[in-house]
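Residue-level structural notes
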Amino acid sequence: MLLEHHYTYRAALEASLKVNWQVHDLIGNDKPLNFHYPFLPEALAQVQALTFLSPEEQRLLNQIRGHSYLHLFGLVEEFILPFVLDHVRSHQLGDDYQTRSLLQFAQEEAKHIHLFKEFAKAFEAGFGTSCGVIGPAADFAQAVLAKSPLGVVLIILHIEWMTQRHYLDSVRNNHHLDPQFASLLKHHWLEEAQHAKLDTLMAETLAAESTPAQIAQGLADYGAIVEMIDQGLQQQVELDRLSLENAMGRLLTTPEKALLSNRQLRAYRYTFLISGMTHPHFITTLEKIAPEGLAQVTALIQGLEN
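Now for a quick tour of the structure. (Residues numbered from 1 in each chain as written. Predicted model: local features only at pLDDT ≥ 70, side-chain atom pairs only at ≥ 80, totals over all residues. Heavy atoms only, no water.)

1. Looking at unusual backbone geometry
Filter applied, for reference: A run of H or I in DSSP counts as a helix once it spans at least four residues, and a run of E counts as a strand once it spans at least two, with each numbered from the N terminus. Each residue gets one of three labels from its accessible area relative to the maximum for its type: buried under 20%, exposed over 50%, partly exposed in between, using a 1.4 Å probe on protein chains only.
Here the bond from G135 into P136 is cis, since omega is 0°, no more than 30 degrees from zero. Along the chain, P136 turns up in the loop between helix 5 (96-127) and helix 6 (137-145). Unlike most non-glycine residues, Q46 shows phi in positive territory, near 50°. Along the chain, Q46 falls in the loop between helix 3 (42-45) and helix 4 (55-91). Its identity is not glycine, yet N173 carries a phi of approximately 70°, on the positive side. Along the chain, N173 turns up in the loop between helix 7 (149-171) and helix 8 (179-208). The exposure class assigned to N173 is exposed, which follows from its relative accessible area of 63%.

2. Topic: empty space enclosed by the protein
To keep it simple, the criterion reads: Definitions used throughout: a 1 Å grid over protein atoms alone; a cavity as a set of points that fits a 1.4 Å probe which cannot get out; a pocket as an open set with protein on both sides within 12 Å along at least five of seven lines; a lining residue as one with an atom within 4 Å of a point. Grid points are joined across faces, edges and corners, and a volume is the space filled by probe spheres set on the points.
Per the counting criterion, the structure on display carries 1 cavity of 30 Å³ or more. Taken together, Y69, F73, T163, H166, Y167, V171, L185, H188 and W189 make up the full set of residues lining the largest cavity. For the lining of the largest cavity, the secondary-structure elements that each account for two or more residues are helix 4, helix 7 and helix 8. A total of 4 residues in the lining of the largest cavity trace back to one element, the largest contributor, which is helix 7.

3. Quick notes on the side chain of E77
So the rule is basically this: We score Asp and Glu as negative and Lys and Arg as positive, and we do not count His or the chain ends. One side-chain nitrogen of Lys or Arg within 4 Å of one carboxyl oxygen of Asp or Glu is enough to make a salt bridge. Contacts were defined at the residue level, with two residues in contact if any of their heavy atoms lie within 4.5 Å.
Residue position: E77 is located in helix 4. Here E77 is buried and forms no salt bridge, its nearest opposite-charge partner K117 lying at an N-O distance of 10 Å. Those residues in contact with E77 that sit more than four places away from it in its chain are E109, H112, I113, F116, H188 and E192.

4. Details of the layout of surface pockets
Basically, it comes down to this: Gly is placed with the polar residues, together with every amino acid not listed as nonpolar (Ala, Val, Leu, Ile, Met, Phe, Trp, Tyr, Cys and Pro) or charged (Asp, Glu, Lys and Arg).
Within this model, the largest pocket holds a volume of roughly 280 Å³. In this structure, the largest pocket is lined by 17 residues; those nearest its centre are L75, I134, F140, M228 and G232. Put simply, the parts of the chain that give the lining of the largest pocket at least two residues each are helix 4, helix 7 and helix 9 (212-248). Class assignment for the residues of the lining of the largest pocket results in 13 nonpolar, 4 polar and no charged.

5. Focus: helix 4
We count it as follows: Here a helix's expected span is defined as the number of its residues, less one, multiplied by 1.5 Å. Bend angle per residue: angle between axes fitted to the 7 residues ending at that residue and the 7 residues starting there.
Here helix 4 contains 37 residues, and its C-alpha end-to-end distance of 53 Å stays within 8% of the 54 Å for a straight helix at 1.5 Å per residue. The sharpest bend along helix 4 comes to roughly 25°, located at E77. Counting buried residues along helix 4, 26 of its 37 residues qualify, which places the element largely inside the surrounding structure.

If you want it as structure tokens, here you go:
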């Protein structure tokens, strides 16, 4: 049975205004990161199975993963921001709450991008060595936004529900993480909770306006964007390995490199792809838009897991 929702633009706006925060509230010289702690929960980082790394080296890799985790969120939010603004412009919204909630959505995405850039500066200052990341964000955003609106809105919905799963399942009440990093994830989650609802409404609007051929194209474009993200994740795994070797001051052996790359790609794919594609609320919206979409997504997941 499909899960029914009762989301409204007014309720989302009111909730967003209640939890609103500013970047300077969360990061700065008086709010330092503590590099004695891991940043990401093990459910996402999956570093402990790499037993050829010492506990200290596993912590370094965990922190590198935390750095790339927020960078990748910033990367995807670079296309979410213009997409939401374009949606507002193109739909001539007549409801004040709808207009205000979507503009608030866009403003918060811009704020998140700013927050993650400030985090990157703080991380680089405290970690001690430079860590490579994929990009540039503008090129990735341009490639995604070239796809159909329905394909883009589906990947955004995937990302928003993915964010909810990460925080609720493995960050909230996790006392093993750096409190400062956990605070960033909490405040990001608070606002993304409303974005998931707004994007559900946007997806339903776009689907209602689409022909069967346009819906089929949207599903195909969603799959193409998933493949684009996966290619980026593969590149990020190798950048993380180089960053780890630099931070450790030693090179991994060839078998160690292969094992690390294999395990970390699986972790990245779960974190940024599978955890969103399997979220019950994403599946509900997908089936509502196109019942055949679930089979397509299931095939994508099988390809990622093989």
